[in-house]
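Analysis of the macromolecular model
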Amino acid sequence: MFDVFHKLTTSSLRQLSDSLRDGELASGITSHAIQQIAGASLTEELVKVLENLSCLGWSSSQLSDFVKFIADTREQASKPESVFDLVLSGPDVQGIPTRDTAAVMHSLIEQANEEVILVGYAVHNGKKLFERLAQRMEEQPKLNVWFCLNIQRQFRDTSLSSEIVRRFSTEFQEKHWPWSPKPQVFYDPRSLDDKGKTRTSLHAKCLIVDREQALITSANFTEAAQKRNIEAGVVVRYKPFVERITLYFDMMKQSIFKELVFPN
């Protein structure tokens with residue numbers, strides 16, 4: 001129904017909004033006024049949509065606000081810097097801004113109100129990296145925090161999978177998250193297969209906040225990767241993109257991953 005608005009230029013949308021608010025269209029929808037704004041090829045379709053909305057009870061001022069919203073959204077989305085933010089960590093290079101990945105991560109955590117999803121391959125000395133997230137959980141009791149982490153069977157480790165998971169759980173509590181409450185932690189049990197041909201690895205690294213912003217990065221959740229290594233990443237604020245990656249890990253959690261059980 002609303003596809004016709006996407007066929008208009010932003011300038012035409014602005015003109016349409018103005019006319020609906022206090023111009024010729026404020027007193028009624030006419031083909032002549034629409035044609036002057038949208039052109040002959042779109043007149044019939046646009047008149048039909050506007051008349052249908054009017055029949056549903058929309059006033060001309062409400063129609064004006066709606067059209068203006070579409071124009072504003074288009075202009076905002078057309079600015080790459082408002083949707084993507086490059087995160088480069090490493091030695092300073094003249095003319096190229098760099099930032100600690102950890103600083104970007106903490107900045108995103110500060111904005112979290114509903115959910116934080118952290119996906120990582122390697123974690124080392126996580127207490128320094130995760131402390132602010134633990135504090136945020138205390139400040140926002142309803143904040144849903146869950147991790148997807150890699151639990152890897154090391155080369156020549158013939159331990160039972162349950163033993164490897166137990167060791168990881170103990171290490172996570174002692175070295176990475178000694179606070180309460182704890183996040184839910186999920187892992188891919190296929191990474192514990194004792195046959196190399198079937199063994200997998202959760203190698204993704206990302207932080208997703210409120211299903212609206214995501215940091216996707218080459219950096220592991222280690223002090224070296226977050227502060228010293230040469231790493232490249234991007235913060236994405238395009239909600240459909242972020243929802244898609246969130247849904248992927250949601251589905252993995254439901255169908256493949258297992259939840260880590262912490263010892264009492």
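Residues numbered from 1 in each chain as written. Predicted model: local features only at pLDDT ≥ 70, side-chain atom pairs only at ≥ 80, totals over all residues. Heavy atoms only, no water.

**Considering the sheet that holds strand E5 (residues 206-209)**
Test applied: One requirement defines pairing of two strands: DSSP has to find at least two bridges between them. Think of it this way: any DSSP run of H or I at least four residues long counts as a helix, any run of E at least two long counts as a strand, and we number them from the N terminus. We call two residues contacting when some pair of their heavy atoms lies within 4.5 Å. Helix axes use the C-alpha atoms of the stretch in contact, all axes being lines fitted to C-alpha atoms, and the angles between their N-to-C directions lie in the range 0 to 180 degrees.
Spatial ordering of the open sheet is given by E1-E7-E6-E5-E2-E3-E4-E8, a layout of eight strands whose pairing is mixed. With partners counted over all chains shown, the strands left at the sheet margins are strand E1 (84-89) and strand E8 (258-259), one partner each. Sheet analysis places strand E6 (residues 213-217) next to strand E7 (residues 231-236), joined by four bridges and oriented antiparallel. The partner of Leu 215 across the bridge, within E7, is Val 235. Contacts from helix H7 (residues 101-110) reach E1, strand E2 (115-120), E5, E6 and E7, with the element oriented near 160 degrees to E6. Strands E2, strand E3 (144-149), strand E4 (184-187), E5, E6 and E7 of the sheet are contacted by helix H11 (residues 239-255), whose axis makes an angle of about 105 degrees with E5.

**Remarks on the packing of aromatic side chains**
Selection criterion: By convention, a stacked pair of Phe, Tyr or Trp rings (six-membered ring in the case of Trp) has centres within 6.5 Å and planes under 30 degrees apart, an edge-to-face pair has planes over 60 apart, and any other such pair is tilted. Any residue under 20% of the maximum accessible area for its type is buried, any over 50% is exposed, and the rest in between are partly exposed; the area is computed with a 1.4 Å probe on protein chains only.
The full count for this structure, using the stated rule, is 12 aromatic pairs. Pairing Phe 130 with Phe 221 gives two aromatic rings, centres 6.3 Å apart and planes at 45 degrees, and the pair type is tilted. Of the two residues, Phe 130 sits in helix H8 (residues 126-139) while Phe 221 sits in the loop between E6 and helix H10 (223-227), which places them 91 residues apart along the sequence. In this structure Phe 130 comes out as buried when scored by relative accessible area, which is 0%. Arranged with centres 5.8 Å apart and planes meeting at 85 degrees, the rings of Phe 147 and Trp 177 form a pair that is edge-to-face. Taken together, the residues span a long stretch of sequence, with Phe 147 in strand E3 and Trp 177 in the loop between helix H9 (161-176) and E4 at a distance of 30 residues.

**Overview of H7**
Rule in force here: Working note: the arc is built from the helix axis to C-beta atom directions.
Of all the residues in H7, the buried ones are Thr 101, Ala 102, Val 104, Met 105, Leu 108 and Ile 109. Viewed along the axis of H7, the buried residues span an arc of 160 degrees, placing them on a single side of the element.

**Here's the deal with the nonpolar core**
So the rule is basically this: Definition used in this section: a nonpolar core is a set of buried Ala, Val, Leu, Ile, Met, Phe, Trp, Tyr and Cys residues joined via side-chain atoms within 4.5 Å.
Of all hydrophobic cores here, the largest spans 34 residues; its most connected members are Phe 147 and Leu 207. Put simply, the parts of the chain that give this core at least two residues each are H7, E2, H8, E3, H9, E4 and E5. Setting aside residues no more than four positions away along its own chain, Leu 207 makes contact with Met 105, Leu 108, Ile 109, Val 116, Ile 117, Leu 118, Gln 213, Ala 214 and Leu 215.

Any link to function would need more than the numbers given here.
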